[in-house]
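# Examining the three-dimensional arrangement
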Amino acid sequence: FDRSKVTVIFVLGGPGAGKGTQCANLVQDFGFCHLSAGDLLRAEQNREGSQYGEMIRTYIREGQIVPMEVTIKLLENAMRAALDEKRTGAGWEDGRGRFLIDGFPRKMDQAVKFDEEVCTSSLVLFFTTTEEEMLKRLLKRGETSGREDDNEESIKKRFRVYNEQTMPVIEHFNKQHKVASVDATATIEEVHQKAKSVIEKLFA
Ligand code: UP5
Ligand code: MG
């Protein structure tokens with residue numbers, strides 16, 4: 001697809017910060033196509049005939065980052081599919097599209113490769129809160145989510161990988177003045193209002 005026709009916002013933040021929850025709200029406000037890298041990987045893991053299923057399961061359970069080729073291909077395919085749907089509404093005229101890419105890029109190699117081979121992001125929406133809050137949310141969600149990484153052992157590994165590998169990505173985008181930080185400790189609706197005003201400024 002034509003990279004000049006897509007607007008991409010990366011949505012980052014620690015495990016359980018509320019990326020998926022807030023993306024769902026922003027889809028309602030602005031008509032984004034929401035693509036969660038984690039959700040795409042979990043779907044691929046469960047797809048019959050996938051050659052990557054077992055590999056993805058192991059990486060996710062260990063909180064490790066799946067080799068970027070797999071994730072970038074899944075994202076690119078999903079973006080192309082959304083553009084081919086020819087949606088209507090603001091931001092989707094004349095073959096254009098606007099995307100919230102959630103939980104990606106979470107490692108420097110992915111950030112560089114996506115920028116070179118797919119497209120450049122306009123903004124990084126960065127949700128921040130404490131590990132204590134994130135742990136509490138994830139353990140609660142783990143009671144019903146069925147996610148194989150919503151247990152204390154996997155969560156601790158996810159926190160470590162996030163601090164070691166994803167924080168440098170935030171630093172990288174910070175140098176480009178692309179990061180808008182939103183404190184995600186407040187209620188879902190309060191965080192939503194803050195995130196909404198950040199995006200309104202971008203589209204103003
Ligand atoms: N909740 C949300 N907001 C709240 C609020 N303000 N107050 C109170 N509760 C709040 O929210 C988590 C829980 O908290 C929910 O129960 C929610 O109701 C509540 P959610 O919106 O789901 O948070 P999110 O940030 O999306 O958490 P998630 O667990 O999805 O984050 P991760 O980044 O850990 O997970 P992701 O799916 O992105 O990745 C999983 C794994 O996939 C990675 O660990 C990695 O192994 C792999 N992966 C890759 O390898 N490469 C990639 O590029 C991406 C992922
Ligand atoms: Mg999520």
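The shown structure was predicted, so the numbers you read here are calculated from the model rather than taken from an experiment.

Orientation of helix H2 (residues 37–46) relative to helix H3 (residues 53–61), taken along the N-to-C sense of each, is 135 degrees, at an axis distance of 7 Å. As summarised for this structure, H2 and H3 are arranged oblique, according to the angle between their axes. Once H2 is placed against H3, the crossing between them reads as left-handed. Taking contact as the criterion, the partners of Leu41, Glu44 and Gln45 in H2 are, on H3, Gly53, Ile56, Arg57 and Ile60. Broken down by class, the residue content of the contact of H2 with H3 amounts to three nonpolar, two polar and two charged.

Moving on, we come to the UniProt feature "binding site: ATP" (unreviewed entry) in the chain. Per the UniProt record, "binding site: ATP" (unreviewed entry) is annotated on Gly16, Ala17, Gly18, Lys19, Gly20, Thr21, Arg141 and Ala186. When residues no more than four places from it in sequence are discounted, the contact partners of Lys19 are Val11, Gly13, Asp102, Gly103 and Phe127. The topology assignment puts Arg141 in helix H6 (residues 131–145). Taking the C-beta count within 10 Å as the criterion, Arg141 has 13 such neighbours and is therefore assigned partly exposed.

Criteria and cut-off values
- Residue positions are given per chain, counted from 1 along the sequence in the order it is written.
- Here every chain gets a letter starting at A, and every ligand a number starting at 1, in the order they are written.
- The model is predicted, so local features are restricted to residues of pLDDT at least 70 and side-chain atom pairs to those at 80 or more, both for listing and for counting; the totals for chains, interfaces and linings are taken over all residues.
- To get an axis, fit a line to the C-alpha atoms, keeping to the stretch in contact for a helix; angles then go from 0 to 180 degrees between the N-to-C directions.
- Under the scheme used here, helices are H or I runs from DSSP no shorter than 4 residues and strands are E runs no shorter than 2 residues, and both carry numbers assigned from the N terminus.
- Here the angle decides the label: under 35 degrees means roughly parallel, over 145 means roughly antiparallel, 65 to 115 means roughly perpendicular, and every other value means oblique.
- It is the rotation of the near helix from the far one that decides the hand of a crossing: anticlockwise by less than a right angle makes it left-handed, clockwise makes it right-handed.
- In this description, a residue-residue contact is defined by the distance between C-beta atoms placed from the backbone, which must lie within 7 Å.
- Throughout this entry, Asp, Glu, Lys and Arg are counted as charged residues, while Ala, Val, Leu, Ile, Met, Phe, Trp, Tyr, Cys and Pro are counted as nonpolar. The remaining residues, Gly among them, count as polar.
- UniProt positions are given in the numbering used here, feature names are shortened, and annotations may be inferred rather than shown by experiment.
- Counting other C-beta atoms within 10 Å of a residue's own tells you its class, since 20 or more makes it buried, 12 or fewer makes it exposed, and anything in between is partly exposed; those C-beta atoms are placed from the backbone.

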